[in-house]
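Residues per chain, in single letters:
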Amino acid sequence: MEGFERGRSIAELGKGEKAGEMPEVALLLKSLMDEKALEKWQQYFCDVANVFVCCVDEKGAPLTRLGGKEEELCRIRSIIDGEQFQDMLMRVSESALEDQAIETTAYPNIRLAAVSAKLQGKAVVNWLVCGVISDAGDLEEYENPPMEGFSSQISEKQFAKAVDALRDVTNDMIQYRFASINAQAESRRSRFSEKEMSENLRLSESLAEVVQFLGGAEPAENIFYKLLKTVGERLGLDVAALYRIGKDERRIQILSKWCGKAHTWEPEEAGDGLCSQFLKTDKTLILSQSSMLNSDEKEEMERLGLKAVIVIPVESSKGDVICVCFGQIDRDREWKLEEIRFLNDSVKILHSIFTGCVQKDALTDAMTCLETVLDHVGDCICVWEPETGKVLYTNRNMQRNFRQELQEGNIEELLGEWMHEESGSREIYLAGKERWYDLYHTGMKWLDGSAVVLCSLYDVTDKKDYQKKIEQQAYTDFLTGIYNRMCCERDLAKYVDEAKKNQTRGLLLYLDLDDFKHINDGLGHKYGDVLLKSISQSFQQIKGIKDTCYRMGGDEFVIIIPPSEYEEHENIIEAIKQIFKQPWSLKDSDYYCTMSMGVVEFPLESDVVPELIKKADIAMYEAKKRGKNRTEFYSNSIDSKSGKRLDMEKNMRDATAEGYHEFEIYYQPIIDVGLEGAPCTGAEALIRWNSAKMGFIPPSEFIPLAEYLGLINPIGNYVLREACICCKNWNDHGYPSYKVNVNLSVVQLLQPDIVESVEKIVKETGITPHNLTLEVTESLAINDMERMKEILNRIKELGIRIALDDFGTGYSSLNHIRELPFDVIKVDQSFIVDLERDTYAKSFIRMVEDLADAIGVNVCVEGVETKKQYEILSEMGVSLVQGYYFDRPMERSSFEKKYTPKLKRKRSGRD
């Protein structure tokens, strides 16, 4: 037998051989757990579930050894059909709606399943699951005998549950890992931002220390050394030197030099004692071994014994050049922009000190240089005298940013009581300016010897905003910009506590868009996203709930009416309803989108957040069940109905897993009143569910649930197949012109392989294509005109007839009707309820009849219940009708007994 890849045996794959490069799925698995842990977990699952499991990549190649009972693995490998599994894997991994498939094999008691766990629509982890079924049923119709002798056996129902469990566990593992990776990335960014802020604060503190050297009374040599030491130690340098190069450019004179521990640097003795070329420069020079150096620069740096260096000119006078050199001896260094700015600012201060020392008017020149330097640094700097409360000095940034405070003399009030401390640093927020600052202050002696406080303020608002943005992202929906579920739960807990404390009330509104999938599938997800954004913006325009709107995911929203706005809750709910009464402009056309809303009051119904959300969701589902586009308030009676829904969901899954036998096909005759005797010309096939545990369930209840659960596709295919088999039997036994009508659901028609599925069923059942009519609703037909034209034309090419159902209830134009390849227009029954008295209804049906004649199609009127309606339609020339006046939908046996008397009833089961 073939393995998972065509041409490769299952025996080889089962041994866990792997190709050269690890595929993407393997990388993800490796991030979840190592190979041994994965195989151990897989074997545990096999032992518990009595199945055989293997993890495979996107091409079907195994990533783990086939798990199961060791003594039975060889037989299982020989049974598995590689081509069958490859087809199943391709189907579930590429489908947007299907993530697992279970099929029978060549052996009646062997089941094969493919499971594809996805992340953001992309398959990342796939499983092969094989089971030996203990209750396979009637095995006589299979060509091969059942495989016997297996101790690992499982029931059909338990096998389906095991596949579901494997899928759910894998999805949870992937989502957990994905969330963990995102959290780690956000954490790293946050730590980086904090580190950067800390480094800038550290440099600001150091610059304040450097500024203190300006007024020093010590000898110039001491001041230069201390300044170089402060800068060198702060940046972790190996050497910092102030030097002069004479106009002969040959010799270097060290004016002051600081070296780190265990380091020495003697540039005047390097090589032949001549001055290095780049030590004499008229602009800042930055070099490191990691940068692109020319051969001369590399040679000079080796001669000087430096791995990285920054040379900044201080002054050029009478041919002499004075510069400062900062360097690393033992290691290379990549100079940061903040470090370069700090060095430049420090050199400017050093330049001021140097100038003051060499001029007679030292005091005046020092102050002038100080102001120039401080006017060009990024901080706001001021010198304040605590005793008098006077501001003795401010730089240009301080004057520009705090002009009003300086004029009013309230700097002490602005900066706070910390100004009286000897020194310190902290982060402050100035509400009047809506800005954040890092404040550094230290006591010092002023020029006249008085005690003053030197203050440095660095604006960090941008970084605080960035931090806030990171935090806000955790509570904001990335698509719509409103808050997300996490924020909803946080805020709801706050409002519930507030209501309990103040003995007030609030409301929780849970909204779900009706049939939003039609917009997504018909117009594309791009326009679905546009609609979600527009709806979110409209919510925020309603007074009282601007900051309490949340997107819970998909097309679901929650709105909290807080206790402070409870008195206006009726107006707020009405405003929300009005939003959905207007059309939305999408893709150059207007589309209507309604919503169903569930409302629960807190803390009356509950004061527990998850319980409140659950009850609002239950009320919303009740609104859906009652016809959508409505609002339901939570009550205990609704809660009891939610239990029925859960029972219905469980029983529906069981019914589909056990062969659809609980689903029955009823047939309502279609009558041609234009022919003599008004004969039956066929029937419309209608599905009914007669649950073994819940009894007969109306289509209005179980069909929306089937669409919600994603089961409408297999159920719809079952109805189509059964109807085709039935019609083929009529055609072969005396009624060759009988036709059968089958409804296609929205989900079915939008499947990418719908045409192929219909063609396959037609070929397998042998029905004459012209005797099959597929009915599509009017609203679906116009949802995406180009796509519908393509799909319906391809179905039409098979020879199958197309009927436009529920005509008159949508918003289609006559041009749309003309463009689509319909054979029959079915007028909705709502137009003939008052046909005897309603002039508009009569005019509408005449108009449809004229339209049908013009474009060459037939008209069928539904819902005929009285003789008078029948007579009026006959007079109008309507040929095809159906309704209770002729017959209700009936079981196949009853229909054939009444409308196919020639048919010999020798059936026992299916034809």
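Relevant structure appears above.
Here is what the cut-offs are and how they apply
- Residues numbered from 1 in each chain as written.
- Predicted model: local features only at pLDDT ≥ 70, side-chain atom pairs only at ≥ 80, totals over all residues.
- Heavy atoms only, no water.
- Salt bridge = Lys/Arg side-chain N within 4 Å of Asp/Glu carboxyl O.
- Helix = DSSP H or I, 4+ residues; strand = E, 2+ residues; numbered from the N terminus.
- Buried < 20%, exposed > 50% of the residue type's maximum accessible area, 1.4 Å probe, protein only.
- Expected span 1.5 Å × (residues − 1).
- Arc of directions from axis to C-beta.
- Contact = heavy atoms within 4.5 Å.
- Axes fitted to C-alpha atoms, helices over the stretch in contact; angles between N-to-C directions.
- Left-handed = near helix turned anticlockwise from the far one by under 90°.
- Nonpolar A, V, L, I, M, F, W, Y, C, P; charged D, E, K, R; others polar.
- Pairing = 2+ DSSP bridges.
- Phe/Tyr/Trp six-rings, centres within 6.5 Å; stacked < 30°, edge-to-face > 60°.
- Lys NZ or Arg CZ within 6 Å of the ring centre and 35° of its normal.

A. Layout of the pattern of salt bridges. Under the criterion given, the structure shown has 34 salt bridges. K624 is the salt-bridge partner of D514, the closest N and O atoms lying 2.9 Å from each other. With D514 in the loop between strand 16 (506-513) and helix 16 (516-523) and K624 in helix 19 (residues 609-625), this residue pair connects regions lying 110 residues apart in the sequence. Judged on exposure class, the residue D514 and its partner K624 are both buried. Here the salt bridges do not stand alone but share partners, grouping D99, D164, R167 and D168 into one network.

B. Just helix 17 (residues 525-540), in detail. Taking 1.5 Å of rise per residue, 16 residues should cover 22 Å, and helix 17 covers 23 Å from first to last C-alpha, within 8% of that figure. Residues of helix 17 that are buried: G528, L531, L532, I535, S536 and F539. The arc that holds every buried residue of helix 17, seen down its axis, measures 135°, which confines them to one face. For helix 17, the secondary structure elements touched by its buried residues are strand 16, helix 16, strand 17 (549-553), strand 18 (556-561), helix 18 (569-579) and strand 19 (584-586).

C. How the structure looks around the packing of helix 22 (residues 712-732) against helix 24 (residues 754-765). One can describe the packing of helix 22 onto helix 24 by two numbers: an axis separation of 9 Å at closest approach and a directional angle of 35°. Regarding helix 22 and helix 24, the two cross each other, and that crossing is right-handed. The residues of helix 24 that touch helix 22, namely those facing N717, L720, R721, C724, I725 and K728, are V758, I761, E764 and T765. Considering only residue class, the contact of helix 22 with helix 24 consists of five nonpolar, two polar and three charged.

D. Examining the environment of E209 more closely. With respect to the helices and strands, the residue E209 is situated in helix 6 (residues 156-211). By relative accessible area, E209 is classed as partly exposed at 28%. Spatially, the C-alpha atom of E209 lies 9.4 Å from that of V231, the residues being 22 residues apart in sequence. Not counting residues within four places of it along the chain, the set of residues in contact with E209 comprises T230, R234 and Y440.

E. Here's a closer look at the sheet that holds strand 4 (residues 122-132). The antiparallel open sheet is built from four strands, whose spatial order is 1-4-3-2. Taken across any chain shown, the strands that pair with only one partner, and hence form the sheet edges, are strand 1 (52-56) and strand 2 (100-104). On average, adjacent strands in this sheet sit at an angle of 15° to one another, irrespective of strand direction. The sheet contact formed by strand 2 and strand 3 (residues 110-119) spans five bridges and is antiparallel. What sits directly across from A101, in strand 3, is A114. Along the sheet face, helix 3 (residues 35-49) touches strand 1 and strand 4 and points at about 150° away from the line of strand 1.

F. Representation of the sheet that holds strand 17 within the structure. Strand order in the open sheet formed by six strands is 15-17-18-16-21-22, and the pairing between neighbours is mixed. Each edge of the open sheet is held by one strand with a lone partner, namely strand 15 (483-484) and strand 22 (631-633). As judged from the three bridges shared by strand 21 (residues 595-602) and strand 22, these two strands associate in the parallel manner. Across the sheet, the residue bridging to V599 is F633, located in strand 22. This element, helix 19, spans strand 16, strand 17, strand 18, strand 21 and strand 22 of the sheet and lies at about 145° to strand 21.

G. Expanded view of the packing of aromatic side chains. According to the stated counting rule, one finds 25 aromatic pairs in the structure shown. Each ring, one from F580 and one from W584, has its centre 6.4 Å from the other, and the planes form 65°; the classification is edge-to-face. Each member of the pair, F580 as well as W584, is classed as buried. Taken together, a centroid distance of 4.9 Å and an interplanar angle of 40° make the contact between Y735 and Y738 tilted. Note on Y738: relative accessible area 6%, which makes it buried. Just above the ring of Y666 sits the side chain of R688; from NZ or CZ to the centre is 5.8 Å. Above the plane of the ring of Y735 lies K902, whose end atom (NZ or CZ) is 5.5 Å from the centre.

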